Amino acid sequence: MDEKTIKIVNEARWADGQKVWNRLEEITFDPMQCQEEFVMRLVRENANTEYGRIHGFDHIRSLDEYRSYVPLTAYENYQPYVNRIANGNKNVLTAYLTEHISTFDSYKSLPLSRWGVQACYDYSFSLGFYLAGNQGFLTDGMTLNLVDTHIEQLPSGVNVGNLVGRLLTRRDFDYDQVYVIPLDVNKSSQDTDILYRQALYALRQEKISLALCDHYDNMIQLLRYIEKNWPSLAEDIELGNSYVTPDPERANAIREVMESHHIGTQITEQLWSGLHCIMVFDVDRLSASFELLRTYCGNKVHFVFTGLGSPEGTFSTTLNIDDPQTVLIPDSVFYEFKPKESANYDYLLTLDQLEIGRSYEMVVSTLSGLYRYKTQKTILVVGRHHETPTVIVDKD
């Protein structure tokens with residue numbers, strides 16, 4: 001472990017996040033001005049795309065005109081375009097370079113432009129590190145990465161796979177000096193042995209300060225695996241194998257912890273005394289079993305829920321540690337909202353018309369070529385950050 005490299009990387013993470021935070025603080029004071037500027041930029045820069053020509057982007061001069069000219073859309077409206085974009089066709093949905101294609105719901109695929117990727121990096125990644133750093137959680141310890149980093153590149157140069165995993169591997173030249181689990185382990189999506197290797201590398205390194213997960217149940221699965229298989233894992237760490245070098249001292253420390261451990265009780269502090277923060281990138285899946293992870297972690301481990309996001313876009317971002325409440329992002333998405341009780345989409349609201357305590361389905365326009373797209377995601381408005389609504393996932 002190179003503590004100097006870890007310190008440099010963490011300082012860079014924090015500095016990137018501070019810039020994003022400062023921008024967020026500015027734009028949340030007047031979100032509707034930001035929304036109008038966003039839409040005008042969107043139609044201006046995409047007027048010569050195939051989609052823009054069909055829907056008269058060059059004639060749009062206001063938010064009202066945009067909502068009048070451009071129809072509501074669903075996933076099915078984009079299916080004819082996705083394969084063409086994956087094959088390298090340009091100026092189809094957007095004039096921006098398509099960098100990534102993400103899949104979801106097991107069969108759906110949507111493209112992300114370089115600006116869509118950057119929005120995810122800024123608001124789902126950098127800002128989380130900034131908040132963690134402000135609490136002193138970015139220390140000289142390594143990062144336990146449980147995020148899927150399996151990425152494939154098409155002949156067109158477009159990447160396909162988990163976007164968050166791709167963001168984590170942008171700096172692959174120092175990856176092994178910062179992250180506990182080697183890159184090839186989390187790339188092996190078809191490897192049935194992946195949980196063993198994740199557990200082995202995680203236990204082998206005591207000095208861990210931060211963990212990253214696609215979903216919080218990634219961490220639960222790892223801890224349950226360790227509970228069940230710690231004797232053989234400790235033996236492999238003591239003797240060494242093709243994955244790790246021998247470390248009898250660490251193996252004995254693991255045995256001492258696990259021999260007195262009771263299944264389903266606090267364990268992370270005993271195994272990794274410096275682990276104080278877990279970043280979770282998918283807050284859509286928070287459920288009652290999250291309390292089990294809190295039990296495993298105890299009071300000294302805190303959580304960063306990075307915001308509402310999906311392959312369709314990055315829709316909100318975090319404001320505080322241990323708080324699932326997130327704020328909408330006025331400069332990266334144009335939002336419209338259907339009240340949950342409405343039977344149709346005839347009367348959509350804008351961001352400034354939302355009421356605290358009410359639920360809405362989001363309709364979004366993004367920098368990746370989605371225009372007035374019905375997300376079928378429902379949010380509950382719980383407050384405001386400056387003049388911008390803060391939300392949580394509506395579970396009802």
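Residues numbered from 1 in each chain as written. Predicted model: local features only at pLDDT ≥ 70, side-chain atom pairs only at ≥ 80, totals over all residues. Heavy atoms only, no water.

Account for the environment of Gln177, with residues named and values stated.
Within the fold, Gln177 resides in helix α8 (residues 175–178). Through-space distance from the C-alpha of Gln177 to that of Met142 is 7.9 Å; in sequence the pair is 35 residues apart. Beyond its immediate chain neighbours, meaning those up to four positions away, Gln177 contacts Asp2, Thr5, Ile6 and Met142. (Helix = DSSP H or I, 4+ residues; strand = E, 2+ residues; numbered from the N terminus. Contact = heavy atoms within 4.5 Å.)

Lay out the sheet that holds strand β13 (residues 333–339) with the relevant residues and their values.
The antiparallel open sheet is built from six strands, whose spatial order is β11-β12-β16-β15-β14-β13. With one partner strand each, in any of the chains shown, β11 (316–318) and β13 form the two edges of the open sheet. When strand polarity is set aside, the average angle formed by the axes of neighbouring strands in this sheet is 50°. Pairing geometry for β11 and strand β12 (residues 326–328), over three bridges, is antiparallel. Counterpart to Thr317 in the pairing with β12 is Val327. (Pairing = 2+ DSSP bridges. Axes fitted to C-alpha atoms, helices over the stretch in contact; angles between N-to-C directions.)

So what's going on with the packing of aromatic side chains? Which residues, and what values?
Summed over the entire model, instances satisfying the criterion amount to 19 aromatic pairs. Taking the centre distance of 5.6 Å and the plane angle of 65° together, the rings of Phe290 and Phe305 count as edge-to-face. You can see Phe290 sitting in helix α14 (residues 290–297) and its partner Phe305 sitting in strand β8 (residues 302–305), a full 15 residues away along the chain. Both residues of the pair, Phe290 and Phe305, belong to the buried class. Residues Tyr335 and Phe337 carry aromatic rings whose centres are separated by 5.8 Å and whose planes lie at 10° to one another, so their mutual orientation is stacked. Take Phe337: its relative accessible area is 0%, and that puts it in the buried class. An aromatic cluster is defined as three or more aromatic residues linked by ring pairs; in this entry it consists of Tyr51, Phe57, Tyr81 and Tyr371. One residue, Arg41, lies across the ring of Trp115, its end atom 5.2 Å from the ring centre. Positioned over the ring face of Tyr345 is Lys338, at 5.4 Å from the centre of the ring. (Phe/Tyr/Trp six-rings, centres within 6.5 Å; stacked < 30°, edge-to-face > 60°. Buried < 20%, exposed > 50% of the residue type's maximum accessible area, 1.4 Å probe, protein only. Lys NZ or Arg CZ within 6 Å of the ring centre and 35° of its normal.)

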